[in-house]
Amino acid sequence: MKVLVTGGAGFIGSNFLYYMVDKYKDYDFVCLDALTYAGNYNNIKDLESRKNYKFVKGNITDRDLVDKLFAEEKFDWVVNFAAESHVDNSIKNPEIFLKTNIIGTQVLMDASKKYGVKRYHQVSTDEVYGDLPLDRPDLLFTEETPIHTSSPYSSSKAGADLLVGAYYRTYGLPITISRCSNNYGPYQFPEKLIPVIISKALKNEKVPVYGKGENVRDWIHVHDHNVGVDLILHKGKVGEVYNLGGHSERTNLDVVKTILKTLGKSEDLIEFVTDRPGHDLRYAIDSSKSEKELGWELSYKFEDGIKETVDWYVNHQDWIEDILSGNYKDAYKEN
Ligand code: NAD
Ligand code: TDX
């Protein structure tokens, strides 16, 4: 079995590779990553010693490169994590989101179709469902919830999902899609809420909370997300969408206070700043389909996972500093 993993130098993809490369020693893994600002070779350099793994630097929108790679490697499975993933960036500069997230997906699916890939898996997000009101805790996103997006990021991910569905229906490409809630864990780029708060608090800098901090996210440890993707690849039904959620809804303010408490820092560090335009109020996922059909279950409770994650960042301050100084950009050349 040969598996292409795109975006493997990023947060979720790198965690996925560590999990899969060691679990399936008889499978071969190729990581394709453009090493954009969010791709950090330091995240995956420890994989170099594994015999069933190799890295290719390249862009998923580069049709010639992708075609050549598929012709050479004859992949059985493709798992597409590669994306522009930060909502705030999409508000400032939407175009790269459309290029990578939509055109990149199309390029990968064209090659998958041409070279007879047995499964194309699209890593999507709960943000394609839009948001839920704060005063209706009974409402959850199911796989049947209509697509209804808010940001250029979520719109680009929804556009990709629709295209993936179209390639299944029109060309019979054997696809699956996963839609997961907010991930946390090691190797998350310090632009997302949790690593921003930890890295700033460690330096006793003010921690920015958008608006009143009332927005709710459903937090899942990255390991549990990746176990879900593994199960979809092995047990999922072609043509289906699977939701993966953390059953851990928290307001942003709760998350920030939990981190500050874990670090032994004062809540005086909290600074309420201008809200994100179009800010989604609440995400909450119904994962019962994945639980029933795949036997997927969560292994992390948020309280334990967040403590372990805070510890990881405290013990890897050199990893954060390398990013903040820009030195991480040399990691690929050096290795
Ligand atoms: P990330 O930004 O940390 O990593 C993205 C990776 O993709 C980087 O290594 C980057 O170099 C690479 N990449 C970007 N553009 C590329 C291109 N054109 N060609 C090749 N490589 C490219 O993102 P993440 O948080 O790990 O998210 C991974 C996937 O999971 C994304 O598709 C995202 O939409 C989805 N997702 C993320 C979350 C979350 O909470 N972070 C939740 C649900 C779904
Ligand atoms: O400094 C901050 N202060 C703050 O209050 C940052 C960076 C964020 N926030 C708020 C905005 C959100 O309500 O925290 C919440 C989480 O923000 P992000 O970490 O930017 O994540 P979010 O916008 O929820 O999107 C994430 O989850 C779904 C990922 O970035 C997406 O890639 C994924 O699809």
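What counts, and where the lines are drawn
- Residues numbered from 1 in each chain as written.
- Chains lettered and ligands numbered in written order.
- Predicted model: local features only at pLDDT ≥ 70, side-chain atom pairs only at ≥ 80, totals over all residues.
- Heavy atoms only, no water.
- Helix = DSSP H or I, 4+ residues; strand = E, 2+ residues; numbered from the N terminus.
- Rg over C-alpha atoms; globule rule 2.2 N^0.38 Å.
- Buried < 20%, exposed > 50% of the residue type's maximum accessible area, 1.4 Å probe, protein only.
- Polar contact = N/O pair within 3.5 Å; in protein donor to acceptor, adjacent residues only side chain to side chain.
- Salt bridge = Lys/Arg side-chain N within 4 Å of Asp/Glu carboxyl O.
- Expected span 1.5 Å × (residues − 1).
- Bend = angle between axes of the 7 residues up to and from the residue.
- Contact = heavy atoms within 4.5 Å.
- Near = heavy atom within 4 Å.
- Areas by Shrake-Rupley, 256 points an atom, 1.4 Å probe, with all protein chains shown as cover.
- Nonpolar A, V, L, I, M, F, W, Y, C, P; charged D, E, K, R; others polar.
- Pairing = 2+ DSSP bridges.
- Axes fitted to C-alpha atoms, helices over the stretch in contact; angles between N-to-C directions.
- Parallel < 35°, antiparallel > 145°, perpendicular 65-115°, else oblique.
- Left-handed = near helix turned anticlockwise from the far one by under 90°.

(A) Fine view of the overall build of the protein. Each helix and strand counted, the protein has twelve helices and twelve strands in total. The C-alpha radius of gyration of the protein comes to 19 Å, within 12% of the 20 Å expected for a compact globule of 335 residues. With the principal axes as the frame, the protein shows a C-alpha extent of 55 × 50 × 35 Å. For the protein, buried positions account for 55% of its 335 residues.

(B) Examining the side chain of Arg179 more closely. Among the secondary structure elements, Arg179 is positioned in strand β6 (residues 175-180). A polar side-chain atom of Arg179 sits 2.8 Å from a polar atom in the side chain of Asp161.

(C) Highlighting the pattern of salt bridges. On inspection of all chains with the given rule, the structure shows 19 salt bridges. With a shortest N-O distance of 2.5 Å, Glu73 and Lys2 are connected by a salt bridge. Separated by 71 residues along the polypeptide, Glu73 in helix α2 (residues 63-73) and Lys2 in strand β1 (residues 2-6) bring together distant segments of the chain. Look at Glu73 and you get buried, because its relative accessible area is 8%. One salt bridge connects Glu205 with Lys200, and the closest N-O pair in it is separated by 3.8 Å. Under the relative-accessibility criterion, Glu205 is labelled partly exposed at 33%. A single network of salt bridges, built from pairs that share partners, joins Lys2, Lys54 and Glu73.

(D) Looking closely at helix α4 (residues 95-114). For α4, built from 20 residues, the straight-helix expectation of 28 Å at 1.5 Å per residue is met to within 8% by its first-to-last C-alpha distance of 27 Å. Of all the bends found along α4, the most pronounced is centred on Ile103 and spans about 25°. Every buried residue of α4 is accounted for by Phe97, Thr100, Asn101, Gly104, Thr105, Val107, Leu108, Met109, Asp110, Ala111 and Ser112. On its buried face, α4 sits against β1, α2, β4 (77-80), α3 (87-92), β5 (119-125) and α5 (152-171).

(E) Expanded view of the site of ligand 2. In the vicinity of ligand 2 lie 20 residues, with Thr125, Glu127, Tyr153, Arg276 and His279 positioned nearest. Taking Leu193, its main chain carries an N or O atom lying 2.8 Å from an oxygen atom of ligand 2. Measuring from an oxygen atom of ligand 2, one finds a side-chain N or O atom of Arg217 at 2.8 Å. Calculation on ligand 2 without its partners gives an accessible area of 650 Å², and the protein chains cover 93% of this total. Looking at the shell around ligand 2, the elements with two or more residues in it are α6 (193-202) and β8 (207-210). Ranked by the residues each element gives to the shell around ligand 2, the list is headed by β8, at three residues. Residues belonging to the shell around ligand 2 are distributed by class as follows: eight nonpolar, seven polar and five charged.

(F) Up close: the sheet that holds strand β7 (residues 182-184). Pairing within the open sheet is mixed, and its three strands lie in the order β7-β9-β11. Bordering the open sheet on either side are β7 and β11 (249-251), each of which pairs with just one other strand. Averaged over all adjacent pairs, the angle separating strand axes in this sheet is 50°, with direction ignored. Where strand β9 (residues 216-221) lies against β11, three bridges are found, and the strand directions are antiparallel. Within β11, the position partnered with Asp218 by the bridge is Glu249. Helix α8 (residues 252-263) rests against β9 and β11 of the sheet, and its axis sits at about 85° to β11.

(G) Broad picture of the packing of α8 against helix α10 (residues 302-315). Where α8 meets α10, the closest approach of the two axes is 10 Å, and the angle between their N-to-C directions is 55°. Classed by the angle they form, the pair α8 and α10 counts as oblique. Like other packed secondary-structure pairs, α8 and α10 cross with a definite hand, here right-handed. Contacts between α8 and α10 pair Val255, Thr258, Ile259, Thr262 and Leu263 from the former with Phe302, Ile306, Lys307, Val310 and Val314 from the latter. Of the residues belonging to the contact of α8 with α10, the class tally is seven nonpolar, two polar and one charged.

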